[in-house]
Amino acid sequence: MRAAIMDAPVRPLEMRDMHDPWPGPGEVRIRVAACAICRTDLHVLDGDLSEPKLPLVLGHQIVGVVETVGDAVEGRAVGDRVGVPWLGWACGECDYCRSGRENLCVRAVFTGYQRDGGYAELAVADGRFCLEVPETYDDVEATPLLCAGPIGYRAYRMAGEASSIGLYGFGNAARLVAQIARHEGRTVFAFTRPGDSETQRQALELGCAWAGDSTESSPEPLGAAVVFAPAGELVPAALRSLAPGSTVVCAEIHMTDIPSFPYELLWGERVIRSVANLTRRDGHEFLSLAAAAGVTTQVTTYPLDRSNDALDAARVGLGGTSVLVP
Ligand SMILES: [Zn+2]
Ligand SMILES: [Zn+2]
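It should be emphasised that the depicted structure is a prediction, and the values quoted were computed from it without experimental measurement.

Enquirer: Just give me the short version of the coordination of the zinc ion (ligand 1), but keep the residues and values in it.
Expert: Protein-derived ligands of the zinc ion (ligand 1) are C38 (SG), H60 (NE2) and C147 (SG), with the metal-ligand distances lying across 2.0 to 2.2 Å. Between consecutive donors of the zinc ion (ligand 1), the numbers of intervening residues give the motif C-x21-H-x86-C. With H60 in the loop between α1 (39-46) and β4 (62-69) and C147 in the loop between α3 (139-142) and α4 (148-158), this residue pair connects regions lying 87 residues apart in the sequence. In this structure H60 comes out as buried when scored by relative accessible area, which is 0%.

Enquirer: Tell me what's going on with α4, and back it up with residues and numbers.
Expert: α4 sits mainly inside the fold: nine of its 11 residues count as buried. What α4 keeps buried is the set A148, G149, P150, I151, G152, Y153, R154, A155 and Y156. Where α4 is buried, its residues contact β10 (164-168), α5 (172-183), β13 (225-227), β14 (247-250) and α8 (280-293). Phi for G160, located one or two positions after α4, is positive at around 95°.

Enquirer: Explain the coordination of the zinc ion (ligand 2) to me, and be specific about the residues and the numbers.
Expert: Protein-derived ligands of the zinc ion (ligand 2) are C91 (SG), C94 (SG), C97 (SG) and C105 (SG), with the metal-ligand distances lying across 2.3 to 2.4 Å. Taken together, the four donor atoms surrounding the zinc ion (ligand 2) define angles of 103 to 117° at the centre, an arrangement classified as tetrahedral. The buried category is assigned to C94, whose relative accessible area is 13%.

Enquirer: Residues and numbers for the pairing of β10, please.
Expert: The buried count for β10 comes to five of five residues, which makes it a mostly enclosed element. Covered by surrounding structure in β10 are S164, G166 and Y168 together with I165 and L167, the residues of both alternating faces. Across five bridges, β10 lies against strand β11 (residues 187-192) in parallel orientation. Its bridge partner being in β11, L167 is matched across the sheet by A190.

Enquirer: Account for the packing of α4 against α5, with residues named and values stated.
Expert: The description of two packed helices rests on the angle between their axes and on the distance between the axes. Closest axis-to-axis distance for the α4/α5 pair is 9 Å, and the angle between their directions is 60°. By the criterion of interaxial angle, the relationship of α4 to α5 is oblique. Considering how the two elements wind past one another, α4 and α5 form a crossing that is right-handed. On α5, the residues that touch A148, G149, G152, Y153 and Y156 of α4 are N172, A173, L176, V177, I180 and A181. Across the contact of α4 with α5, the residue classes break down as eight nonpolar, three polar and no charged.

What counts, and where the lines are drawn
Residues numbered from 1 in each chain as written. Chains lettered and ligands numbered in written order. Predicted model: local features only at pLDDT ≥ 70, side-chain atom pairs only at ≥ 80, totals over all residues. Heavy atoms only, no water. Donors = N, O, S within 2.8 Å, 3.2 Å for Na, K, Ca; no water. Helix = DSSP H or I, 4+ residues; strand = E, 2+ residues; numbered from the N terminus. Buried < 20%, exposed > 50% of the residue type's maximum accessible area, 1.4 Å probe, protein only. Contact = heavy atoms within 4.5 Å. Tetrahedral: all angles 85-135°; square planar, octahedral: opposite > 155°, others 65-115°. Pairing = 2+ DSSP bridges. Axes fitted to C-alpha atoms, helices over the stretch in contact; angles between N-to-C directions. Parallel < 35°, antiparallel > 145°, perpendicular 65-115°, else oblique. Left-handed = near helix turned anticlockwise from the far one by under 90°. Nonpolar A, V, L, I, M, F, W, Y, C, P; charged D, E, K, R; others polar.

Structure, rendered in structure tokens:
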């Protein structure tokens, strides 16, 4: 099969032929229809996330069709359309797994990081960790729902039940969460890069009550905030606008240092927390809610052999989510 291969951090990906992967016990082989690029892929490529499998096929927002089924696979058959997310495998035995927090599994294996992902014609995944893709989405438009969606949704749920929520960094994940929050009747405030009037316009179009620069204070105290950008300085910025008793959730896997800030900003039982990875439950819940809410995605497609151009576009956040099509 053809694949875009990462040989080492920081180097451009190289298109090469690889042996077709073969599914082991419990695994399925998927003919990749589309694979979206996530900012985490850039963190792996840039070396921000250490010790990736090398050489590596990146990509953990895969939509495709099961082509071959390994031994002992239950509930997946040849011809099924499935989605493959970031959480590729969890042990099922550790304290985290047994308490519904497989996202924190001590032995978890992540797709497109510790096992090969979807920047390729074929991918192998554990059948139990594949997600159902709602029929209302085609292959390409469904791909951003597999990572930006469930992890954004987990962050949104961790932010609590407040009637208003601020979203810092209005990229792909925030766009999806804003639509879910509106569907649930919440008031959404969008904070973008300073001067990014185009993104602010899009946020208002998606139903946000207000959109402005991340350096501005919220027009009213926020009942919750989620920081989707990897910029630590947004944490004290969000705290400044946060009502007492409310939470700031950091949704990124990697973030620059959070600058020091006066204790007064945290006082009043304000909470700062992170969200790590996703559980299968986050994936299932988000995908059915997205279909029910009519959540839309914004994508730009690239042929697989232009993966480096697609990564560049993802880095600057141009054209919504970059999606590779083999
Ligand atoms: Zn991701
Ligand atoms: Zn575990």
